[in-house]
Amino acid sequence: MADREPHPTPMLNELETGPWPSFVSGIKRLRDDHRQDRVNGVANDLLGQLEHSYETRKGYWKGGTVSVYGYGGGIIPRFSEVGQQFPDSKEFHTLRVQPPAGNHYSTDILRQLADSWEKWGSGLVTFHGQTGNIMFIGATTDNTQHFFDEINDYGFDLGGAGPCVRTAQSCVGASRCEQSCANEHKIHRTLVNNFTDDVHRPALPYKFKFKISGCPNDCMNAIERADMAVIGTWRDDIKVDQDEWKSYVETKGRQHTIDNIITRCPTSSLSLKDDDSLEIDNRNCVRCMHCINVVPKALSPGSDTGVTVLMGGKRTLKIGDLMGTVVVPFMKVDSEEDYERLVEIAENTIDYWAENGLEHERCGEMIERIGLINFLEGIGIDVDPNMVAEPRESSYVRMDGWDEEAIRWFERKGEQKRVEPNAVA
Amino acid sequence: MAKKEMRRPIESGCPDGFQYMHPVMVKNFSQWKWHDHPRPGVLRHVAESGDAIWTVRAGTQRILDVFTLRTLCDIGDEFADGHVRFTIRSNIEYMVDGEEKVNPLIGALENAGFVVGGTGNSVAMIAHTQGWLHCDIPGTDASGIVKSMMDELIDEFKNCNMPNRVHITTSCCQINCGGQGDIAINVQHTKPPKINHDLVANVCERPSVVARCPVAAIRPAQVNGKPTLEVDEKKCICCGACYPPCPPMQINDPEHTKLAIWVGGNHSNARSKPSFQKLVASGIPNNPPRWPEATAIVKKILNTYKDDARDWERINDWIDRIGWSRFFELTGLAFTKYHIDHWRGSRKSLNSSTHIRF
C-alpha cells in the first residue's frame, strides 16, 4: 500500500483467531499483498469502515441507483455514509451475476472471473449469495460497467435485483444425484432465460423467484423461498433392489430397520416382511423420500418422473411467512411441448400477478389476498384436491354454482380418461 | 458533443453448466444409480454405466478474496480434475474420477486451511447474509457471527454425529434473507425506529412507506413545518420494514437491536411436510466481535438435540415427538408470553386438545 497506514482493526482481528477460515484475513491479504494500489486502498478502507461498524454496532451503507447501459437492475448500489473517513471504498457496489445452472465451474473459468474482477473491482467475491447469484462485492460506479462488459463478452450476464424476475437456482440434480426426477438444468435455463427482459428491467410488483429441485428433498428450499417452485417427483412405484435391501437389514438389524425406516413412513406404507424383504403400498406413498434417503443403494424414485409445481413461497415481509401451494400436482417435463407448457404457466402467472399484484406484493401475498380460486382462474388452471391439505371448514361461502362445478369436475375426469387411459381417475 | 458509442449488453441470461461440468458427470447425466458416504465430507456416486465419481466438500470463509479463490483453483488443478461446484451453503465441491485422488485432495485442502466436511448428518456450513460488510439495512454482521460459531462447531462440521443434518442460518434483519433453518439466528429489533424528521420528505416516498408497515402504524405528519412520517409506537412491532424504503427511519440501535433464535425450519418433504422455524429465545445481545451469548445458546440446543433425538429426526421431527414443553425443559430456555403467536392464522398454533406430556 503506497501512501496510507492500515486502519487499526482490533475487533476484526478477533475474527482471525480460531480454526475456521477467516474472511478478515482474506480482506487483509488484499490490503497487504495485492500488487495493485487501488485494491490495497479499497481493502484498507473497507476494513476501516467494517471496524467502525463493529465498534458502533451500526451499518454505514446506503443504496442508490446504479446499473449498466441497457439494463435497469442487477447491481446493488452501495455508497458509504462515512466515505470521508474511508474514501477508497466510498462506492462499493455489488454486481449480481447469474451462475451456470447447477453452479458448475471449471477452475479455468473461475480464474478468468478472478482476473477480470481484480482488474475492475475489490477482489472480494462470494459463490453464492442467498439469491443464488455470484456476488462480486465492491466496485465503483464506473467500473461496474467495465467489469460487466468484460465478463458479458465471455458468457456471463447480470442477475435480478429489485422488483423483477430474479436469478433462478437449481440443485446438482441429474448431473450427479440418482434421486433426480427431472432435468433441473434445462428447466432452470428454460424458465429464467425466457424472462431475461424481466430480469434486467425491473417493472414487476416485487421480486419473482424460480427454484428447481430434482426431488422432494428440495435442496433448493424452493417451497419456502420461491414464487414458483418446480420439484421433481414420480408417479409409479419406488424401485426396490430387494437384495440390497435385505443386505441392509442384515447389517443393521430388524429393530433398527423398523425404528428408523418402517415406522417413519408418514403414511404407513412400508412393511418389513418375514423374509426381510420390503413391501411398499405405492398408492399411498407421498414421495417423502425418507426411506430412499436412508437406503439409497436399495431404493430409488420410480421411472415415470415429472414435476410438481408450487406457487407463492416467501419469507416474512409483509404478511408473514408463506409456503408455496400446489398448483400443478404432476406434469411430465420430457418433450419440447412439455417445456413450453411449463413456460406458459410461468408467463400466465407473472402476467396475472403483474396485472393484479399491489406494489411490493409477492405473488403468494396476492394469492392470500384474492384467494387461490381467483388466482387459478386467472392463470387458467383447474382445481384439484391435491392443492389442499383438507377441504373447507367454514360454511360461509356462496355455493349456488355447485351443480355446474360438479359437472365440470366429472367432465374433466372423463376427458382425462379419454386422453390418458392409464391416468388414475 | 460526439456521443460515446456504448456497448450493448448480450442478454445471455443463465449460462449453460455443461461446458464447465466434470466429463464423468456429463457422460452419466441422469444415469446415476446410487451413492454412499465413505467418510465425512466425501460422497461417492455410481452410475448405471459403472462409472463412479467422488465428491470432496470443503467449507470456506464464503467471502473469498481472489488469492483464496486462486488457491482453491490451484488445489483443483493439482489434486482434482479441474472441475468444481458450489453448494447452496457456499461450500466448494471437487469432483474426481478415482478413489486414489480423494485422500491427497483432502490433505491439500486441510493444509491450506479449508475444512473438509458438511455432508450427511453433520452441522452444515451456516448460510448467511451480507451484514455490515455490504448491506444497507443490517442490524449485525452475519460474516462475523458465522465465523465465530463455525470456530466452535467445526468438529460437528467435520463429523457426522448428529441424528440428522442440521442447517443453521443467520440473518441481519427480520427480512431473514438467510432463510429457514433447523436453527436460525436472526436480528430482532426491540424499539420503534428513530425518525430524522429533517430528511424524511426529501429521501422517502411517503405513501410507499406507509403501505409497507405490516400493522398500519405509520402515518403522514408535519414536524417543525416539514412533511414527514410518524409512528404510533403503541402499534409498532419494531420489525424494521419501514427502514429500507426510508433510511431516516433508523431501526438499528447499538443496544436495542437484539438477536433471536428460532428452531425447526425444514425445507425438505422427508417424513413430515416442510416446516417454518419457531421462536425459542430472544433478547440475546448483539455482541461483536464474537457474539458468545448467541453461540452458547446454539450449542446448548445442538447438544440437547444430539443427546435426545432419535436417528434421522431433524430438529422439527424431534420436537414434534417430545413436545415443546419438554424442549424448553431440556434446553433450559425461558418460555415467555412472546412465544405465543398472535399474528394472522395463529389460532392453529395453539393446543386445542388434552394432548399434554407430563
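As the structure is a computational prediction, the values presented were derived from the model and not from experiment.

The next subject is the overall build of chain A. Helix and strand counts for chain A stand at 15 helices and 16 strands. Considering only C-alpha atoms, chain A reaches an extent of 80 × 60 × 40 Å along its principal axes. The buried share of chain A, reckoned over its 425 residues, is 57%. Here the analysis covers contacts within chain A between residues at least 6 apart in sequence; of these, 63% occur between residues at least 24 apart. By element, 47% of the accessible surface of chain A is carried by carbon and sulfur atoms, the whole surface being about 17,400 Å². The centroid of the 47 positive side-chain charges in chain A is displaced by 3 Å from the centroid of its 67 negative side-chain charges.

Residues and elements named next belong to chain A. For the structure shown, the criterion picks out 26 aromatic pairs over all chains. Measuring from ring centre to ring centre gives 4.8 Å for tryptophan 117 and phenylalanine 147, while their planes differ by 65 degrees; the resulting arrangement is edge-to-face. Taken together, the residues tryptophan 117 in helix H4 (residues 107-120) and phenylalanine 147 in helix H5 (residues 141-153) connect sequence positions 30 residues apart. Ring plane angle 70 degrees and centroid distance 5.4 Å describe the contact between phenylalanine 208 and phenylalanine 210, whose orientation is recorded as edge-to-face. Taken individually, phenylalanine 208 and phenylalanine 210 each receive the classification buried, so the pair is uniform in this respect.

Residue and element names in this part refer to chain A. For chain A, the assigned domains are domain 1 (1-161), domain 2 (169-235 + 304-424) and domain 3 (239-300). When each unit is reduced to the centre of its C-alpha atoms, the spacing between domain 1 and domain 2 is 36 Å. Across the domain 1 to domain 2 interface the summed buried area is about 1,200 Å²; carbon plus sulfur atoms make up 49%. Three residues, Gln98, Ala101 and Gln130, lead the burial of domain 1 against domain 2; their summed loss comes to 34% of the area buried on that side. Across the domain 1-domain 2 interface, the total number found is 0 salt bridges. Our enumeration of links across domain 1 and domain 2 arrives at 9 residue pairs in polar contact (both at pLDDT 80 or more).

Judged by side-chain polarity, Val397, Met399 and Trp402 of chain A come together as a nonpolar surface patch covering roughly 310 Å² of accessible area. We classify tryptophan 402 of chain A as exposed; its relative accessible area is 55%.

This part takes up the sheet that holds strand E10 (residues 228-234) of chain A. Residues and elements named next belong to chain A. Reading across from one edge, E8-E9-E10-E15-E16 is the order of the 5 strands in this open sheet, with mixed pairing throughout. One side of each edge strand has no neighbouring strand; the edge strands of this open sheet are strand E8 (169-170) and strand E16 (325-331). Pairing of E10 with strand E15 (residues 305-311) involves 7 bridges; the strand directions are antiparallel. Across the sheet, residue isoleucine 231 finds its bridge partner in E15, namely threonine 308.

This next bit is on the state of the cysteines. Throughout the structure, instances matching the rule amount to 1 disulfide over all chains. There is a disulfide in this structure between cysteine 204 of chain B and cysteine 246 of chain B, and the S-S distance comes to 2.1 Å. Across the S-S bond of cysteine 204 of chain B and cysteine 246 of chain B the torsion is about 75 degrees, and the bridge reads as right-handed. Highlighted residues: cysteine 204 of chain B in the loop between helix H5 (200-203) and helix H6 (206-212) and cysteine 246 of chain B in the loop between strand E12 (226-231) and strand E13 (249-250), separated in sequence by 42 residues. On the accessibility criterion, cysteine 204 of chain B (8% relative accessible area) is buried. For cysteine 160 of chain B, which is in no disulfide, the shortest distance to another cysteine sulfur is to cysteine 219 of chain A and amounts to 15 Å. Lacking any disulfide linkage, cysteine 213 of chain B is separated from the closest cysteine sulfur, that of cysteine 239 of chain B, by 6.2 Å.

Cut-offs and rules
Residues numbered from 1 in each chain as written. Chains lettered and ligands numbered in written order. Predicted model: local features only at pLDDT ≥ 70, side-chain atom pairs only at ≥ 80, totals over all residues. Heavy atoms only, no water. Helix = DSSP H or I, 4+ residues; strand = E, 2+ residues; numbered from the N terminus. Buried < 20%, exposed > 50% of the residue type's maximum accessible area, 1.4 Å probe, protein only. Contact = heavy atoms within 4.5 Å. Areas by Shrake-Rupley, 256 points an atom, 1.4 Å probe, with all protein chains shown as cover. Lys, Arg positive; Asp, Glu negative; His and termini not counted. Charge placed at Lys NZ, Arg CZ, Asp CG, Glu CD. Phe/Tyr/Trp six-rings, centres within 6.5 Å; stacked < 30°, edge-to-face > 60°. Domains from an automatic or database assignment. Buried area = accessible area lost by both parts, 1.4 Å probe. Salt bridge = Lys/Arg side-chain N within 4 Å of Asp/Glu carboxyl O. Polar contact = N/O pair within 3.5 Å; in protein donor to acceptor, adjacent residues only side chain to side chain. Patch = residues over 30% accessible without salt bridge, like charges linked within 9 Å, V, L, I, M, F, W, Y side chains within 5 Å. Pairing = 2+ DSSP bridges. Disulfide = S-S within 2.5 Å.

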